[in-house]
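Here is what each chain is made of, one letter per residue.
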Amino acid sequence: MQTRSIQIARGALVGAYAALAFLSIGCGSGALPPWTAASTAPGTDTNTCTAPEHGRISCNIVCDDGYTACGDICTRVDSDRRNCGSCGKACSGDQTCSGGVCVGSCLQGQTACNGACVDTDNDDRNCGGCGNGCSADHASASCRQGSCDISSCHPGWANCNGNVHDGCETSIDSDRNNCGGCDVSCREDEICEHGHPVRCGPSEHREGNQCVANRCGDTDNDRDNCGVCGNRCSEEEICDHGHRVRCAPGYHRQGNACVPNPGSCGDTSSDRENCGACGSRCEDDEICERGHHVRCGAGSHREGNRCVPNPPSCGDTDQDRDNCGACGSHCADDEICVGGHHVRCGAGFHREDNACVPEACGDTDHDRNNCGACGNRCGDDEICDHGRRARCGAGHHREGNACVPNGNSCGDTDNDRDHCGGCGNRCEDDEVCDKGHRVRCTTGYHREGNRCVANGNSCGDTGNDRNNCGACGNRCGDDEVCEHGKHVKCDEGFHREGNSCVANCAGGCNGNDKVTICHRPPGNPSNEHTITVGASAVPAHLAHGDHLGPCADGKHGGG
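Everything numeric here is computed off the predicted structure, so don't read it as measured data. (Residues numbered from 1 in each chain as written. Predicted model: local features only at pLDDT ≥ 70, side-chain atom pairs only at ≥ 80, totals over all residues. Heavy atoms only, no water.)

**A word on the overall build of the chain**
Scanning the chain from N- to C-terminus turns up two helices and 41 strands. Restricting the contact set of the chain to residue pairs at least 6 apart, pairs at least 24 apart contribute 18%. (Helix = DSSP H or I, 4+ residues; strand = E, 2+ residues; numbered from the N terminus. Contact = heavy atoms within 4.5 Å.)

Spelled out as structure tokens, the structure:
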């Protein structure tokens, strides 16, 4: 009974704090505030509120699942013309309310009932037909496939007989056969108090669902009055919670306790491995209480050798997108929670809070110009995947609204400088390939591999500096020039002068010396022909891919 005493004391403290809270809310003169409605909204429990002296009572409206409190009524803002989408937002003219949006006509599959577009398969005010409302005692009623059903019971009530028509008929707060849940029975000496089985304490016995005082004192532990007045224990028995109990083998009685004989297994009163007798193990959900196996009741679980309350519930799992059907079961971004089930909005609809509403711009699941929302355009290398912009992965490219594999020859077009964004699309020498885009390194940076890295403070232009070619301190060899950050060795027949390769000439070159080269016109390399140019003009021609000496086919051109 010590547990019950603590619970009673705790309840008294909670009641005292609640009373103080009620008194502090409405102190002062004047009439009751507007939210202290004398009548409760449809579907709520009715309680008579009596204000204390120098105080007032504040009555709060609690609406059934799926309903919203607008003033002193509970309504469905998804289909109420006067409160369409939110309280006070009324539809105009002959408009109807569909999914919280005012529309001119109902969608296919919906029925107009009293100015609201509803689906009679799941509308609990027009279930199976207009005006057929769903309601149940002590419960939130809902419409499923055109028939009324119970979606959830009010706190402290349960539908233990499985009958929808009488609602949640069982008070699990005080029913000894359904204590805290259906078919959870109290023991003979227990009452059901706030949904928990509670054993009557010393000097008490049970009458109905109440603990009343014994006439002869503590019948739980009195060996002369064990369980009832005058019921004496024998010499080898103790009185354990009103029951005459003989000490087990290996134990003997001392006063009203069984103690181990020498060489026994220890304290069998609270040892879960040896509960009541050596080797008598408790189950995982049992504790050992005075040598008895005791299962933790509904709403409690075992920690060590104690039964402690379960943590609080996560609320309404029927309509909560973060706890849909079970605690922690989160809906995806394009899903709503309907009756505890994850439901994806169909084509032409998008999610707003926990409702699917019509799109103004069509199918936002797969439209690259309206991906997930009107006007949300995908990038050139993105597709629209169920309303999300998704980039094609390595080895793939976009065709329409699909990612397809690249050809076998070009591989990863996201980071390959020879195949950047598509097969054969080569980057320039000062460009990198960034996610399929050719990007030129900015001022103060140079390319190293497929990265743009910062130039050193002292080395300047690493594109053409032979002492800092491609990177600070990267010196060219004596016969090399620095061309776009790369070390380039002069071809045969040429030598380096500064950072240029110039033609060799017998006895030294001058302005009158001539050199024969094979010239390939830019843009038409197949039309190559042999020409003779001045030695000083050779580097300019060779920049276009020409080479020293006559062409192989012997073609000739002008000098």
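**Points about the pairing of strand 13 (residues 204-207)**
Two elements, strand 13 and strand 14 (residues 210-213), share four bridges in a ladder whose sense is antiparallel. Its bridge partner being in strand 14, Glu204 is matched across the sheet by Ala213. Where strand 13 folds back onto strand 14 in an antiparallel hairpin, the turn is made up of two residues, including Gly208, whose phi is positive at roughly 65°. (Pairing = 2+ DSSP bridges.)

**Comments concerning the state of the cysteines**
As enumerated under the stated definition, the model contains 25 disulfides in all. The side chain of Cys469 participates in a disulfide bridge whose partner is Cys482; the two sulfur atoms lie 2.2 Å from each other. Judged by the torsion about the S-S bond (90°), the Cys469/Cys482 disulfide is right-handed. Linking Cys469 in the loop between strand 34 (451-454) and strand 35 (480-483) with Cys482 in strand 35, this pair joins segments that are 13 residues apart in sequence. According to the relative accessible area criterion, Cys469 is buried, its value standing at 1%. The structure places no disulfide on Cys186, whose sulfur is separated from the nearest cysteine sulfur, that of Cys179, by 3.9 Å. (Disulfide = S-S within 2.5 Å. Buried < 20%, exposed > 50% of the residue type's maximum accessible area, 1.4 Å probe, protein only.)

**As for the pattern of salt bridges**
Applying the stated criterion across every chain, the model contains 28 salt bridges. Notably, a salt bridge pairs Arg295 with Glu286, separated by 3.9 Å at the nearest N-O pair. Across the salt bridge formed by Arg438 and Glu431, the nearest N and O atoms sit 3.0 Å from each other. Note on Arg438: relative accessible area 36%, which makes it partly exposed. Look at Glu431 and you get buried, because its relative accessible area is 8%. Several salt bridges converge on common partners, so that one network encompasses Glu428, Asp430, Glu431, Arg438 and Arg440. (Salt bridge = Lys/Arg side-chain N within 4 Å of Asp/Glu carboxyl O.)

**A few points about the nonpolar core**
Residues Cys127, Cys134, Ala136, Ala139, Ala141, Cys143, Ile150 and Cys168 constitute the largest nonpolar core, which totals eight residues. Of all the elements, strand 7 (residues 139-144) adds the most residues to this core, at three residues. Here Ala141 is in contact with Asp124, Cys134, Ser135, Ala136, Asp149, Ile150 and Ser151, once residues within four sequence places are set aside. (Core = buried A, V, L, I, M, F, W, Y, C linked by side-chain atoms within 4.5 Å.)

**A few points about the environment of Asn467**
As for its placement among the helices and strands, Asn467 is situated in the loop between strand 34 and strand 35. In this structure Asn467 comes out as partly exposed when scored by relative accessible area, which is 38%. Separated by ten residues in the primary sequence, Asn467 and Gly477 have C-alpha atoms spaced 9.4 Å apart. Ignoring any residue separated from it by four or fewer positions in sequence, one finds Asn467 in contact with Gly473, Asn474 and Arg475. At a separation of 3.0 Å, a polar atom in the side chain of Asn467 contacts the side chain of Arg475. (Polar contact = N/O pair within 3.5 Å; in protein donor to acceptor, adjacent residues only side chain to side chain.)

**Looking at the side chain of Ser79**
Considering the arrangement of structural elements, one finds Ser79 in the loop between strand 2 (73-75) and strand 3 (96-98). At a separation of 3.2 Å, a polar atom in the side chain of Ser79 contacts the side chain of Arg125.

**Comments concerning the pairing of strand 31 (residues 431-434)**
Put simply, side chains in a regular strand alternate between the two faces of the sheet. Summarising the sheet, strand 31 and strand 32 (residues 437-440) pair through four bridges and their orientation is antiparallel. Looking at the pairing, Asp434 lines up with His437 of strand 32. The loop that links strand 31 with its antiparallel partner strand 32 comprises two residues; one of these, Lys435, has a positive phi angle of about 50°.

**Re the packing of aromatic side chains**
The full count for this structure, using the stated rule, is zero aromatic pairs. Across the ring face of Tyr67, the terminal group of Arg76 is positioned such that the distance to the ring centre comes to 5.8 Å. (Phe/Tyr/Trp six-rings, centres within 6.5 Å; stacked < 30°, edge-to-face > 60°. Lys NZ or Arg CZ within 6 Å of the ring centre and 35° of its normal.)

**Some thoughts on unusual backbone geometry**
Despite not being glycine, His138 has its phi angle at roughly 55°, a positive value. Locating His138 in the fold gives a position in the loop between strand 6 (116-118) and strand 7.

**Observations concerning the side chain of Asp123**
Take Asp123: it is sitting in the loop between strand 6 and strand 7. Polar side-chain contacts of Asp123 include one of 3.0 Å to the backbone nitrogen of Arg125.

**Looking at the environment of Thr442**
Here Thr442 is to be found in the loop between strand 32 and strand 33 (445-448). The class of Thr442 is exposed, set by a relative accessible area of 51%. Here the alpha-carbon distance between Thr442 and Glu431, two residues eleven residues apart in the chain, equals 9.6 Å.

**Details of the confidence of the model for the chain**
When pLDDT drops low, the exact placement of atoms in the prediction is not to be read closely. Looking at the chain, the pLDDT average stands at 78 and 80% of residues meet or exceed 70. Per-residue pLDDT stays below 50 along residues 1-47; that stretch engages in 40 contacts with residues further than four places along the chain or on separate chains. (pLDDT = per-residue confidence, 0-100.)

**What about the environment of Ala402?**
Along the polypeptide, Ala402 turns up in strand 30 (residues 402-405). Taking relative accessible area as the criterion, Ala402 reaches 34% and is therefore assigned partly exposed. For the pair formed by Ala402 and Cys392, sequence separation is ten residues and the distance between their alpha carbons is 8.5 Å. Here Ala402 is in contact with Ile383 and His397, once residues within four sequence places are set aside.

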